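# Geometric and topological summary
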Amino acid sequence: MIFKGKKPIQIKNLRLTTKLVTTYTLLTVLPMALLGFIAYWQYTKSIEEEVGEYIPRLVKQVNGNIENDIQKLETLPDLIYNSGDVMAILRDSQSKKKSVLLHDEYIMKSYLTRTYLNNNSSHILGAFLISKNRTFASTSLHYDSFGFEDGSLPYADDLGLLGEMQLLLPNQTNLTFEGDPSYFMLVKPITDFDNRKNLGTLYIAIDVAFFEQSLQDLQKEENVTMWIMNKRGKIIYHKDHSKIGSVEKGIHDYPLLNGSFRTEIDGKRNLISISESNELPWVLVHSMPIKNMTEKTDVIRNVTIFVFILFTLITTLISIFFAWTVTRPLNELGDIMKRVEKGDLLVDIPIHSKDEVGMLANSFRSMLAEIRELIQKNYHIELRKKTAELYALQSQINPHFMYNTLETIGMAVEEGDSDEVVKMVTLLGRMMRFSISNKESLVPINSEVQHIEDYLSIQQFRFEDRLHFMIEKGADVVNYYIPKFVLQPIVENSIKYGLEKRKEIDIQIHISDEETQTGEEDLLLIVSDDGPGITESKLIELNEKLRLDPMMKRDSGFGIINVNARIGMMFGEQYNLQINSEYGKGTSVIIRLPKINAQQVSMYVQGEEKNRDDTKGQDGHCR
């Protein structure tokens, strides 16, 4: 089975709503999360540094307090030199009776009880004095297995030094007290200052609660562990009494003996603060989980996370709302554009705001209105053009003209004037050939002139001396082109209206060039007659029709209007037809055309065909 990998998601192809929501969220959530993380990390680090500096000072102070207390205990063994009875017993090496021995034991026990148990530290569990194979003991609790009799007491080399005293740890002796309290023992030899002889050894058992009293303030913290050990790692005191006497193997990895450092114990990060005693052969160690220091920051962290999540939700909802606000008009505008694309140009484009989207909708509405207007305009232009072409075809050979011409030819035949018949038939045939070749919309000027000359000649056969005409060619009529049949409708009007009210009419046709303001040359075709002319009101009305809607309806002067419409559609509104007339004196029609040579004919013909095709397409959409 072949699995096709998923295509990677491209940002540019995501929906605008998704982009906006993602952008808003990233711009707000990421900086806020980064800022919160940096603040929490910096705050936690500063607390760890402050605690790391503060705890060692406390540990050092506590260590100093313990030294002071120990120094007070250090003087206890010397009290024994103040008792003459005790010193006498210790110095007496003679054999004694049992009664004397019991008496000595009584004196020693009374002294030990009075001196060490009753008058000094309440943490002293017992005092033991070994002299000349005799043991004198006084304890506050029942004890067992002191170790002197069975030889389990350690040698002096195995004892820790405490100034002039030595330290005996609980695991170094079999001595146990009732209730099994943890203790340590201070050991000091008793020396006779007179002869420097050893009179015995004094053991003072002290409850480890002696240390706890000094350490209790530091041990209140949860998960805090404190212990005292010598520099070889042997633990003298530990919060967990079962570890007293064991060896802290990690002491060799401690980077320092004064200060604090971080280490990992049982997978948890701890801050170890350590202080080396100046007077005693041990170090005091304080171990606290890093978590204890950051408990308050954890609360701040949790509150921050809660606020962050809440803010993220609010920000996301706000971003979704804003994205929806921005994209909703765009989506609505997009839907409208799709309807327009399918040809519905009559859609209503709502504008809800004046922002960029509103401006876009307004521009689209204006553009759509302009398109509708343009389509409508082109539709009417095409319609007028078709109508003009139709009427132009109709005007090529006017049925009345044909009828009149044939009637004239028939009369000439009856009169036996064969020359006139031949001439008229020849002229009519040439006109027919010119009319039939309807493929060309632009023809050379001389062809159009030849056609109008033939037309006037035939009319002259009909009207004889009533019609006179003259054609003046002041321009190049061979190399320039004009629209086909632009002169015949104007000449027809001159003959029609001229001979209705006048006996004779003289028609003048002038073809000339005229330089325009832009330096180019236009072609002017002027058809003038001495007919009855047009009244001023009629002339204004006629020119108004030419300007506004030349194809509104077919009435008198339609041929002129048709010519004007064709010229405007082919060359633009700057080229047109103008009528000047003075009632009773005549009329002149001025046709302004561009000078088009043979090379330019194809351009106008192609442009005309393209406009026709575009208009057809737009017309199709419009419908």
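Attention here is on the structure that accompanies the text. (Residues numbered from 1 in each chain as written. Predicted model: local features only at pLDDT ≥ 70, side-chain atom pairs only at ≥ 80, totals over all residues. Heavy atoms only, no water.)

## Quick notes on the packing of helix H2 (residues 84–91) against helix H3 (residues 98–118)
The test is simple: Simply put, an axis is a line fit to the C-alpha atoms, just over the touching stretch for a helix, and the angle between two N-to-C directions goes from 0 to 180 degrees. Per the convention used, a helix needs a DSSP run of H or I reaching at least four residues, while a strand needs a run of E reaching at least two, with both numbered from the N terminus. Working definition: roughly parallel below 35 degrees, roughly antiparallel above 145 degrees, roughly perpendicular at 65 to 115 degrees, and oblique for all remaining angles. Take the far helix as the reference: if the near one is turned anticlockwise from it by less than a right angle, the crossing is left-handed, and if turned clockwise, right-handed. Note on contacts: a residue pair is in contact if any heavy atoms of the two residues lie within 4.5 Å. As a working rule, the residues Ala, Val, Leu, Ile, Met, Phe, Trp, Tyr, Cys and Pro are called nonpolar, Asp, Glu, Lys and Arg charged, and the rest polar, with Gly in that last group.
Running from N to C, H2 and H3 cross one another at 135°; their axes reach a closest spacing of 10 Å. With respect to H3, the element H2 is oriented oblique. In this structure, H2 meets H3 at a crossing whose hand is left-handed. Packed against H2, whose contacting residues are Asp85, Val86, Ile89 and Leu90, the element H3 presents Asp104, Ile107, Met108 and Tyr111 at the interface. Class assignment for the residues of the contact of H2 with H3 results in six nonpolar, no polar and two charged.

## Side note on the side chain of His451
Applicable threshold: Classification of residues uses two cut-offs on accessible area relative to the type maximum, computed with a 1.4 Å probe and protein chains only: under 20% is buried, over 50% is exposed, and between them is partly exposed. Here a polar contact means two N or O atoms within 3.5 Å. Within protein one must be a hydrogen donor candidate and the other an acceptor candidate, and residues neighboring in sequence count only if both atoms are side-chain atoms.
By the secondary structure assignment, His451 is in helix H10 (residues 445–463). Residue classification places His451 among the buried positions, given a relative accessible area of 2%. A polar contact of 2.6 Å, which involves the side chain of His451, links it to the side chain of Gln488.

## Here we look at the pattern of salt bridges
Note the following rule: For this document, the term salt bridge refers to a Lys or Arg side-chain nitrogen within 4 Å of an Asp or Glu carboxyl oxygen.
Enumeration according to the criterion identifies nine salt bridges in this entry. Among the ionic pairs, Arg430 bridges to Asp454, the shortest N-O distance being 2.7 Å. Highlighted residues: Arg430 in helix H9 (residues 418–436) and Asp454 in helix H10, separated in sequence by 24 residues. Given a relative accessible area of 31%, Arg430 falls into the partly exposed group. Between Glu582 and Lys585 there is a salt bridge, and its shortest N-O distance comes to 3.3 Å. If you follow the salt bridges from partner to partner, you end up with Asp513, Glu521 and Lys595 in one network.

## Points about the sheet that holds strand S17 (residues 505–515)
Test applied: Two strands make a pair as long as DSSP finds a minimum of two bridges between them.
A sheet is described by the order of its strands in space; here five strands give the open sequence S15-S17-S18-S20-S19, paired in mixed fashion. One side of each edge strand has no neighbouring strand; the edge strands of this open sheet are strand S15 (467–473) and strand S19 (577–582). The sheet shows a mean angle of 15° between the axes of neighbouring strands, direction not considered. Here six bridges tie S19 to strand S20 (residues 586–594), and the two strands are oriented antiparallel to one another. Bridged to Ser581 within S20 is Thr587. Against the sheet, H10 makes contact with S15, S17 and strand S18 (521–529), and its axis sits at roughly 165° relative to S15, the strand it touches most.

## Brief notes about the pairing of S19
The two faces of the sheet receive side chains in turn, since in a regular strand these alternate between them. Of the two faces of S19, only the one carrying Leu577, Ile579 and Ser581 is buried; Gln578, Asn580 and Glu582 on the other face are not. A loop of three residues connects S19 with S20, the two strands running antiparallel in sequence, and Gly584 in this loop sits at a positive phi of about 90°.

## Details of a negative patch on the surface
Our working definition: Here a patch means residues that are over 30% exposed by relative accessible area and free of salt bridges, tied together within 9 Å if like-charged and within 5 Å if nonpolar (Val, Leu, Ile, Met, Phe, Trp, Tyr). The protein chains shown are the only cover counted for residues, whose accessible areas, like all others here, come from Shrake-Rupley with a 1.4 Å probe. His is not counted, nor are the chain ends; Lys and Arg add positive charge and Asp and Glu add negative charge. Working definition for charges: the position is that of NZ of Lys, CZ of Arg, CG of Asp or CD of Glu.
On the surface, a cluster of negative charge is made up of Glu414, Glu415, Asp419, Glu420, Glu464, Asp465, Glu504 and Asp530. Structurally, Glu504 is set in the loop between helix H11 (488–501) and S17.

## Considerations on the pairing of S20
Of all nine residues in S20, seven are buried, a share of seventy percent or more. The sheet contact formed by S18 and S20 spans eight bridges and is antiparallel. Each bridged residue has a counterpart across the sheet, and for Leu525 the counterpart in S20 is Ile591.

## Brief notes about unusual backbone geometry
Peptide bonds are mostly trans, and most non-glycine residues show a negative phi. If you check the backbone angles, Glu464 has positive phi at about 50° while not being a glycine. Along the chain, the position of Glu464 falls in the loop between H10 and S15. A positive phi is found at Phe485, a non-glycine position, where the angle reads about 65°. With respect to the helices and strands, the residue Phe485 is situated in the loop between strand S16 (481–483) and H11. Take Phe485: its relative accessible area is 2%, and that puts it in the buried class.

## Focus: the environment of Gly568
Take Gly568: it is sitting in helix H13 (residues 558–571). Sequence spacing of Gly568 and Leu593 is 25 residues, and the spatial spacing of their C-alpha atoms is 9.6 Å. If near-sequence neighbours (up to four positions away) are discounted, Gly568 is found in contact with Glu573 and Tyr575.

## Observations regarding the packing of H10 against H11
Where H10 meets H11, the axes come as close as 10 Å, and the angle between the chain directions of the two elements is 20°. Here H10 lies roughly parallel to H11, going by the angle between them. The crossing of H10 and H11 is right-handed. The residues of H11 that touch H10, namely those facing Glu448, His451, Ile452, Tyr455, Leu456, Gln459 and Phe463, are Gln488, Val491, Glu492, Ile495 and Leu499.

## A short note on the packing of aromatic side chains
Selection criterion: For Phe, Tyr and Trp, where Trp contributes only its six-membered ring, two rings pair if their centres lie within 6.5 Å, and the inter-plane angle classes them as stacked under 30 degrees, edge-to-face over 60, or tilted in between. Both a distance and an angle decide whether a charge sits over a ring: NZ of Lys or CZ of Arg must be within 6 Å of the ring centre and within 35 degrees of the ring normal.
Taken as a whole, this structure holds eight aromatic pairs when the rule is applied. Between the aromatic rings of Phe128 and Phe177, the centroid separation amounts to 6.4 Å while the plane-to-plane angle is 50°, which identifies the pairing as tilted. Of the two residues, Phe128 sits in strand S1 (residues 124–131) while Phe177 sits in strand S6 (residues 176–177), which places them 49 residues apart along the sequence. One exposure class covers both Phe128 and Phe177, and it is buried. Between Phe571 and Tyr575 the ring centres are 6.3 Å apart and the planes differ by 80°, which places this aromatic pair in the edge-to-face class. A relative accessible area of 9% places Phe571 in the buried class. The structure contains a cluster of three or more aromatic residues connected by ring pairs, namely Phe128, Tyr143, Phe177 and Tyr183. Arg328 extends its terminal NZ or CZ atom over the ring of Trp324, reaching a point 5.2 Å from the ring centre.

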